[in-house]
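Read off the chains here:
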Amino acid sequence: EDLGIRHRLWVYSGRRGVHCWVCDDAVRKWSPALRAATVEYLTLVKVGVGEFRNLLTLVKVGMEEISFPAPEGGSAPWDGGARGSVRPGMNLDQPAQYREALQGEFPKKKDSVQRWELLRGRMERARSRGANPCYADWEVMLQFCFPRLDINVSKGLGHLLKSPFSVHPKTGRISVPLDLQRLDQFDPFAVPTIASLCHELDTAGSDGEQEDFPQHPCSLPSPPDYKKTSLAPYVRVFEQFVEGMESARRGERLRRS
């Protein structure tokens with residue numbers, strides 16, 4: 001909105017990321033320098049940065065809803081792994097007594113949820129006393145919950161782009177467009193995969209083979225195969241985006257003429 005961008009298609013990567021396809025004519029002609037500046041403008045998370053505290057409330061609710069399950073082959077945010085360790089850049093060393101006290105108490109807690117409650121409780125009590133307030137818990141929420149942007153993908157004109165409906169090579173999931181009006185219902189683990197689509201098409205083909213009657217010359221053509229699968233609603237989201245973009249383009253042509 002700040003940059004006047006109108007046509008944005010959000011696409012699930014198939015694993016753990018999201019791509020935003022910006023399709024405005026003017027934006028597609030931006031130089032790499034302008035693209036890099038734009039990503040820098042939109043970037044909020046930087047290790048050790050203590051500003052933007054008024055925006056941290058945006059991620060507080062999301063942080064409290066995270067159960068911190070340990071990923072396969074990894075560690076939960078507070079289990080002491082490389083990604084979940086308490087980093088000095090998160091302001092835990094300002095003042096140092098907060099960091100030292102927490103490092104002594106963390107091993108006594110059985111899981112990451114208890115460690116998070118410990119950190120949050122200590123920081124809230126410190127702020128209520130008003131002496132040397134520490135916002136480490138707020139910075140941690142920002143670090144783990146605010147989106148991180150890949151500047152190289154956006155600024156490089158020759159960078160390879162993953163097309164919508166391509167297949168993620170590791171998960172097998174389809175890279176599907178997202179319906180922002182129903183985003184809270186989106187489940188990345190329920191996205192169609194190559195295997196599930198093949199099964200759906202085989203099932204639809206078996207059902208069709210049971211009909212031995214020839215098709216009447218005046219009958220309507222059969223629907224495309226993808227409409228017989230769970231991919232159909234995602235294709236419709238893509239079609240609606242393209243239709244909206246074409247409608248805006250026609251309106252611009254009329255205005256110029």
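In case you missed it, the structure is sitting above this.
Residues numbered from 1 in each chain as written. Predicted model: local features only at pLDDT ≥ 70, side-chain atom pairs only at ≥ 80, totals over all residues. Heavy atoms only, no water.

Asker: Any chance you could break down the overall build of the protein chain for me, citing the residues and the numbers?
Answerer: What the protein chain contains, in helices and strands, is nine helices and two strands. Walking the protein chain from its N terminus toward its C terminus, one meets helices and strands in the order β-β-α-α-α-α-α-α-α-α-α. A fraction of 60% describes how many contacts in the protein chain between residues 6 or more apart in sequence connect residues 24 or more apart. (Helix = DSSP H or I, 4+ residues; strand = E, 2+ residues; numbered from the N terminus. Contact = heavy atoms within 4.5 Å.)

Asker: With reference to specific residues and values, describe a nonpolar patch on the surface.
Answerer: A cluster of nonpolar residues, Leu3, Tyr41, Leu42 and Leu149, forms a patch on the protein surface that exposes about 380 Å² of accessible area. Topologically, leucine 3 is positioned in the segment before β1 (8–12). Overall, the relative accessible area of 36% leaves leucine 3 in the partly exposed class. (Patch = residues over 30% accessible without salt bridge, like charges linked within 9 Å, V, L, I, M, F, W, Y side chains within 5 Å. Areas by Shrake-Rupley, 256 points an atom, 1.4 Å probe, with all protein chains shown as cover. Salt bridge = Lys/Arg side-chain N within 4 Å of Asp/Glu carboxyl O. Buried < 20%, exposed > 50% of the residue type's maximum accessible area, 1.4 Å probe, protein only.)

Asker: Pulling in residues and values, what's your account of the nonpolar core?
Answerer: With twelve residues, the main nonpolar core is built from Leu102, Phe106, Trp116, Leu118, Leu119, Met123, Cys134, Ala136, Trp138, Val140, Met141 and Phe144. Broken down by secondary-structure element, the contributors of at least two residues to this core are α5 (112–129) and α6 (136–145). The next biggest cluster of nonpolar side chains, apart from the first, holds nine residues, and it includes Tyr12, Val191, Leu231 and Val235. (Core = buried A, V, L, I, M, F, W, Y, C linked by side-chain atoms within 4.5 Å.)

Asker: Go over the packing of aromatic side chains with me, naming the residues and quoting the values.
Answerer: Applying the stated criterion across every chain, the model contains two aromatic pairs. Measuring from ring centre to ring centre gives 5.5 Å for tyrosine 12 and phenylalanine 186, while their planes differ by 70 degrees; the resulting arrangement is edge-to-face. Placement of the pair is tyrosine 12 in strand β1 and phenylalanine 186 in the loop between α7 (151–155) and α8 (194–209), with a sequence separation of 174 residues. On the numbers, 5.7 Å between centres and 80 degrees between planes, the contact of phenylalanine 165 with phenylalanine 238 is edge-to-face. Here phenylalanine 238 lies in helix α9 (residues 232–256) and phenylalanine 165 lies in the loop between α7 and α8, a separation of 73 residues in the sequence. With relative accessibility at 29%, the residue phenylalanine 238 sits in the partly exposed group. (Phe/Tyr/Trp six-rings, centres within 6.5 Å; stacked < 30°, edge-to-face > 60°.)

Asker: Tell me about the environment of valine 153, residues and numbers included.
Answerer: Of note, valine 153 is situated in helix α7. Separated by 118 residues in the primary sequence, valine 153 and arginine 35 have C-alpha atoms spaced 9.8 Å apart. Beyond its immediate chain neighbours, meaning those up to four positions away, valine 153 contacts His159 and Leu161.

Asker: Please set out the pattern of salt bridges residue by residue, giving values where relevant.
Answerer: In total, this model carries ten salt bridges according to the counting rule given. Here aspartate 25 makes a salt bridge to arginine 28, at a shortest N to O gap of 3.0 Å. Here the residue aspartate 25 and the residue arginine 28 both occupy positions in helix α1 (residues 25–28), the gap between them amounting to three residues, near one helical turn. One salt bridge in this structure joins arginine 236 and glutamate 243, with 3.2 Å as the shortest N-O distance. Given a relative accessible area of 36%, arginine 236 falls into the partly exposed group. Exposure remark for glutamate 243: the relative accessible area of 42% places this residue in the partly exposed category. The structure contains a network of salt bridges with shared partners spanning Asp25, Arg28 and Arg249.

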